[in-house]
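Tertiary structure, described
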Amino acid sequence: MKKVTPVLCILAVLMSLFLTVHADGNQPYELYLKRVDNNTGLMVMGFVKGTTPDSKYELVIPAEADYYYDDNMQKCELSKPLPVTSVISGAFAYTDATCEKYFDENPVTKITFSGSNLKTIGRTDVASLTGEVGSALEKKYVFYRTGNINTVDIPDSVTRVNRLFTLCPIEEINLGKGITSLGSGCLNNMTKTLRISTYASTFESTLSFTLIRQLEELRLCADSLNLSGKFNLVGLEGGNADKLKIYTKSSALKSKLVSLGYPSNNVYEHLPVDTVYDFGGNYTLKVTLFPSLKTARINGFEKLPDCFTDLNIPEKISFDGEEYTTTEIKNNAFNSDIANSGAVFVRNLNLPDTVKKIGNNAFRGCSHMNYAYVAGAEDISTCAFKGCNELYRVELGEGLKAISSEMFYDTRAMTSLVVPSTVTSFSCNAVATSRKLNSVAILGENVDFSGTTLNGIGSARLKDEIKFFVRNEATKNKLIALLGDTAYSIKVTDSGSKTLTLYDGYGWGIADVLRRYVGYIAVVACKVDRQISAFRVDRRS
């Protein structure tokens, strides 16, 4: 008989308690529910007064409930649960006299619609609440000013949505198959929404989606399309012409969209395919394949590793006899803030040079990651490696355009950073609180810095132990103005020279980090007393 260790016993007990809490529906709030449709169903009105969460929480709309509130706000128990069939317009958006709602910002971080009973979200055919406070806009939308949310999936059982979201930083919205028609203002002013999927064939207005300027991917999954014109200020109209891609099911639908004014090279006649890639390792990957482009996007783990592992992303993925080139890591793909992301298992990261884009928070909180090879990436978004506490070595490559905000925030083990010559923008909080960082080489000759300070870098050392290497006096002067302190060591290397000297206070082989870009490495001096190691880097022309 196998022995069960005390640690495993404790973990088992904790897990059972966790599951019991969730199975019982124990939430930090109580939903205000009313009976509707001749008492055959329940409608969500918002939160019961006094239970509205004032900090981050996850909202679950249940499939059914065994209580409701009468017109006097008295709670009534049901002998048999009734299905939750609708959510009233403005349910989580404004404040009224009978139940508390949000007037400014709703800190919800996840929204889940359970079961298959829900039919309408944003119901308007019932009497509204009394004593309402708030603007007309807030009353119309179900959700107004939520917290940051990764993905919202509207279930296929829902057949109607009205004024669903406004001013909500939701990254991806998937509208279910039951929604075949969308009215005006379904999604409005969604400043951070990148992807929308819908099966609707009829759009009652070009304002069904409006002010979604950052939209990158729109999937129109219906067999036909009834749309009178381009969506108002969505993607292309917001200055996002090179990013927005529209996917349809046929060449006829593509022609329809082109006739409405969308550029032909931004519209595709094949829908993306979401699938799972299994290459025989101890984990599998969720991927999205784009048949029109023959490219693939990695979305995260499907099957989690069973131990610490090297995450080796494949260059090519085969599916139905076709090959797809891996070009992108999705936002939040391996973010530790997302449940079951598997971030804790990633030890070393190896991306093929074909991966050009790494999304926001893609590897955030991979706290055991030591090494990352991302030399093919041209676009690494904000917070991509934030909180990777043990990350000490990163290989960036020529072609990278920017060091983005909080890219390496709180990478406490990193001692050196080499910024490729193609980088023209450097966000100074990219390395904030990277306390062991003592060597920053900026190889570009025309770099603009944003931010007010390099907060926290080298804070465990004296300022004169932090070395900056730049290519010209102009860049040096920008750094001095930014840092506001001449105690920092900023060395200018001749832009015409092929020699660059770098320092690494921990002897972690900065020469290896640079090999990718500069070719031949010659070690001039190396002190092994963990003080300063000096390397000369000879750049090949």
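Rules and cut-offs
Residues numbered from 1 in each chain as written. Predicted model: local features only at pLDDT ≥ 70, side-chain atom pairs only at ≥ 80, totals over all residues. Heavy atoms only, no water. Helix = DSSP H or I, 4+ residues; strand = E, 2+ residues; numbered from the N terminus. Contact = heavy atoms within 4.5 Å. Phe/Tyr/Trp six-rings, centres within 6.5 Å; stacked < 30°, edge-to-face > 60°. Buried < 20%, exposed > 50% of the residue type's maximum accessible area, 1.4 Å probe, protein only. Pairing = 2+ DSSP bridges. Axes fitted to C-alpha atoms, helices over the stretch in contact; angles between N-to-C directions. Salt bridge = Lys/Arg side-chain N within 4 Å of Asp/Glu carboxyl O. Disulfide = S-S within 2.5 Å.

Topic: the overall build of the chain
- Across its full length, the chain carries five helices and 42 strands.
- Taking contacts inside the chain between residues at least 6 apart in sequence as the whole, the part at least 24 apart equals 49%.

Focus on the packing of aromatic side chains
- All told, the structure shown has 19 aromatic pairs when counted by the stated rule.
- Between Tyr67 and Tyr69, the aromatic rings sit 6.1 Å apart at their centres with planes inclined by 90°, giving edge-to-face as the arrangement. Each member of the pair, Tyr67 together with Tyr69, is buried.
- Here Phe92 and Phe143 contribute two aromatic rings whose centre-to-centre distance is 5.2 Å and whose plane-to-plane angle is 10°, an arrangement assigned as stacked. Here the residue Phe92 occupies a position in the loop between strand E5 (75-88) and strand E6 (108-113), and Phe143 occupies one in strand E8 (residues 143-144), the gap between them amounting to 51 residues. Across the pair, exposure class does not vary: Phe92 and Phe143 are buried alike.
- Three or more aromatic residues joined by ring pairs form one cluster here, namely Tyr29, Phe47, Tyr57, Phe92, Phe143 and Phe165.

Comments concerning the environment of Ser251
- You can see Ser251 is positioned in helix H3 (residues 251-259).
- Note on Ser251: relative accessible area 43%, which makes it partly exposed.
- The spatial distance from the C-alpha of Ser251 to the C-alpha of Glu269 is 5.0 Å, given a sequence separation of 18 residues.

A look at the sheet that holds strand E9 (residues 149-153)
- Taken in spatial order, the six strands make up an open sheet running E9-E12-E15-E18-E20-E21, and their pairing is parallel. On the outer flanks of this sheet lie E9 and strand E21 (267-268), each paired with one strand and no other.
- Pairing analysis gives three bridges linking strand E12 (residues 170-174) to strand E15 (residues 195-198), with the strands arranged parallel. What sits directly across from Ile173, in E15, is Ile196.

Some points on the sheet that holds strand E25 (residues 309-312)
- Read across the open sheet, the four strands follow the order E25-E28-E30-E32; overall the sheet is parallel. If you trace the sheet from one side to the other, it starts and ends with E25 and strand E32 (393-395), each paired once. Averaged over neighbouring strand pairs, the angle between their axes works out to 15° when direction is ignored.
- Relative to strand E28 (residues 346-350), E25 is paired through four bridges, and the arrangement is parallel. By the bridge assignment, Thr309 is partnered in E28 with Val346.

Focus on the environment of Pro263
- As for its position among the elements, Pro263 is in the loop between H3 and E21.
- Each C-alpha atom of the pair Pro263 and Ile246 lies 10.0 Å from the other, and the pair is 17 residues apart in sequence.

Looking at the pattern of salt bridges
- In total, this model carries 18 salt bridges according to the counting rule given.
- Note that Glu172 is salt-bridged to Arg195, the shortest N-O span being 3.0 Å. One end of the pair, Glu172, is in strand E12; the other, Arg195, is in strand E15, and 23 residues separate them in sequence. The exposure classification of Glu172 matches that of Arg195, with both residues buried.
- For Lys249, the salt bridge is made with Asp223, and the minimal N-O distance between the two is 2.8 Å. On the criterion of sequence distance, the pair formed by Lys249 in the loop between strand E20 (245-247) and H3 and Asp223 in the loop between strand E18 (217-220) and strand E19 (232-234) is long-range, its members being 26 residues apart.
- Through salt bridges with shared partners, a single network forms among Glu171, Glu172, Arg195 and Lys330.

Re the state of the cysteines
- In total, this model carries zero disulfides according to the counting rule given.
- Looking at the unpaired Cys366, the closest cysteine sulfur is the one in Cys388, lying at 5.1 Å.

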